[in-house]
Number of protein chains: 2
Amino acid sequence: MIDYISLKRCPVFQGIDEKEASLLLEQVHYQIKVFKKHDIIALAGDQVKNLYIILKGSVSGEIHDYSGNTVKIEDIEAPRPLATAFLFGSENRFPVTVVARNDVTIFSMPIDDFLKLLHLNTRLLKNFLNSISSRAQFLSRKLNFLSIKTIREKIANYILQKAGDRFHSIELKNTQQELADLFGVTRPSLARVLSEMQKEKLIIIDKRTVTILNKEKLNKLIRNI
Amino acid sequence: MIDYISLKRCPVFQGIDEKEASLLLEQVHYQIKVFKKHDIIALAGDQVKNLYIILKGSVSGEIHDYSGNTVKIEDIEAPRPLATAFLFGSENRFPVTVVARNDVTIFSMPIDDFLKLLHLNTRLLKNFLNSISSRAQFLSRKLNFLSIKTIREKIANYILQKAGDRFHSIELKNTQQELADLFGVTRPSLARVLSEMQKEKLIIIDKRTVTILNKEKLNKLIRNI
DNA sequence: AAAAAAATGTATCAATTGTTACAAATAGTA
DNA sequence: TACTATTTGTAACAATTGATACATTTTTTT
């Protein structure tokens with residue numbers, strides 16, 4: 001029997017208690033798979049035939065370049081599910097190669113069994129729909145952000161979003177280089193615009209602290225008035 | 001009673017025959033709404049309270065930059081559903097403004113009723129999961145596309161994707177303005193780059209037909225070699 | 001505390017794209 | 001066909017960003 005403590009931490013199983021879960025899991029097939037560091041869990045292009053949930057450890061999603069170089073796309077840690085947005089849909093294949101970053105334990109259940117569970121339990125269905133929707137929403141927000149054209153607007157957007165409604169200053173957790181990557185611009189370009197915005201007294205930057213001097217103008221910037 | 005012919009063409013209702021469908025639809029509430037060209041169907045930020053399926057016509061999903069610029073994200077045509085990925089999830093709001101591109105008829109059903117249907121019918125559930133997944137997959141591809149920086153690369157990418165492996169020429173279905181919106185650039189800029197690429201004998205454009213002259217170079221462009 | 005590494009500020013010049021404007025070509029319609 | 005609206009081609013100039021380089025500051029390591 002599976003250790004349900006890890007599983008219920010996963011968003012998909014939230015709000016379902018152990019008794020209910022064990023009743024559900026009795027009716028379907030599932031496996032617990034163990035991988036060691038650097039093991040390949042799935043290859044890019046492989047069909048996704050199972051729901052995977054990482055119970056322990058973390059994996060890395062990688063793309064292998066034409067010249068054999070490896071580009072890391074993202075890390076996924078327990079207790080997150082894997083590639084839920086690719087379980088169904090027209091192209092249900094792994095978009096990346098999944099590699100174990102350390103010792104990894106994975107809960108695996110065939111799609112059809114999972115579908116059965118979704119039918120048996122409303123909470124599970126709602127959870128899963130929420131999970132997959134949130135993923136799409138995340139992508140959509142990313143898309144919105146990328147469609148902002150000028151660096152200045154991106155900065156305003158980023159700062160105001162971080163600041164929320166209440167605060168005058170925010171603490172940056174990233175280096176300029178990381179921010180620049182996030183914005184999809186070069187580091188010197190970002191620094192230049194930050195510096196301009198300081199000269200215009202929109203913000204003050206002191207080390208990693210950004211203080212908002214003129215919230216109105218920042219807002220107008222976003223709205224491009 | 002609704003004309004089921006349009007509805008069953010929608011991926012969500014695929015494989016469900018008229019008898020079955022009418023039995024299902026009897027148990028829930030739904031509406032048919034009609035819009036004219038340029039009507040706003042939903043504003044970005046509006047809560048998604050209903051499942052929408054386009055029965056007739058087509059709509060455009062747009063981000064309105066505050067300076068009045070419009071970035072078209074995509075066109076959705078009958079019989080596709082609308083914003084399915086935003087029915088659930090933490091932020092169930094329209095990510096884009098939805099505008100009618102012509103005379104549009106839309107089928108609308110409250111979320112709770114729809115959830116009820118998902119429980120009643122496995123095929124429907126599977127269809128819906130497929131739909132929402134495809135959506136996430138689409139967004140993911142879109143994100144990749146938007147992260148391409150130069151117009152030249154975007155064009156190469158677009159043309160090669162349209163062309164697939166076999167053909168030497170493709171037929172554009174969009175005006176330059178629509179393409180430019182899709183790319184998130186201005187129309188003259190797009191035209192300029194297209195013209196340059198013609199001069200460099202990468203492509204030939206005759207009216208709406210684009211002929212690929214140098215596939216290798218186009219490929220290299222994408223891969224940034 | 002000293003040395004090394006990383007991050008930041010800034011400058012210059014090149015490349016790309018935006019803005020605006022207008023003529024030419026094409027498509028749509030009476 | 002003739003007229004109109006839409007689409008396309010192109011040009012000149014402005015604005016933004018990229019690329020590169022290097023000094024300075026800050027952080028991390030020894």
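Residues numbered from 1 in each chain as written. Chains lettered and ligands numbered in written order. Predicted model: local features only at pLDDT ≥ 70, side-chain atom pairs only at ≥ 80, totals over all residues. Heavy atoms only, no water.

*Asks:* Quick rundown of unusual backbone geometry? Include the residues and the values.
*Replies:* Residues and elements named next belong to chain A. Cis geometry marks the peptide bond from Ala78 to Pro79, where omega comes out at 5°. Relative to the assigned elements, Pro79 resides in the loop between strand 5 (70–77) and strand 6 (81–82). Phi is positive for Ala83, close to 55°, though the residue is something other than glycine. Locating Ala83 in the fold gives a position in the loop between strand 6 and strand 7 (97–100). For Lys201, which is not a glycine, the phi torsion comes out positive at approximately 60°. Along the chain, Lys201 turns up in the loop between helix 7 (187–199) and strand 10 (203–206). On the basis of relative accessible area, Lys201 is assigned to the exposed category, the value being 59%. (Helix = DSSP H or I, 4+ residues; strand = E, 2+ residues; numbered from the N terminus. Buried < 20%, exposed > 50% of the residue type's maximum accessible area, 1.4 Å probe, protein only.)

*Asks:* Give a detailed account of the sheet that holds strand 9 (residues 169–171) of chain B, specifying residues and quantitative values.
*Replies:* Residue and element names in this part refer to chain B. Taken in spatial order, the 3 strands of this open sheet run 9-11-10, and their pairing is antiparallel. Of all strands in the sheet, those with a lone pairing partner are strand 9 and strand 10 (203–206), marking the two edges. Taken pair by pair, the neighbouring strands of this sheet meet at an average axis angle of 20°, ignoring direction. Lying over the sheet, helix 5 (residues 151–163) contacts strand 9, strand 10 and strand 11 (209–212), oriented at roughly 90° with respect to strand 11. (Pairing = 2+ DSSP bridges. Axes fitted to C-alpha atoms, helices over the stretch in contact; angles between N-to-C directions. Contact = heavy atoms within 4.5 Å.)

*Asks:* If you had to explain the protein's contact with DNA strand C to someone new, which residues and values would you point to?
*Replies:* In the vicinity of DNA strand C lie 17 residues, with Gln176 of chain A together with Thr150, Ile151, Ser189 and Arg192 of chain B positioned nearest. Put simply, 49% of the atoms of DNA strand C that lie within 4 Å of the protein are in sugar or phosphate. Thr186 of chain B has a polar side-chain atom sitting 3.2 Å from a phosphate oxygen of DNA strand C. Separating a base nitrogen of DNA strand C from a side-chain N or O atom of Arg192 of chain B is a distance of 3.0 Å. For the surface near DNA strand C, the secondary structure elements donating two or more residues are helix 7 of chain A together with helix 7 (187–199) of chain B. With 5 residues, the single largest contributor to the surface near DNA strand C is helix 7 of chain A. Considering only residue class, the surface near DNA strand C consists of 5 nonpolar, 7 polar and 5 charged. (Near = heavy atom within 4 Å. Polar contact = N/O pair within 3.5 Å; in protein donor to acceptor, adjacent residues only side chain to side chain. Nonpolar A, V, L, I, M, F, W, Y, C, P; charged D, E, K, R; others polar.)

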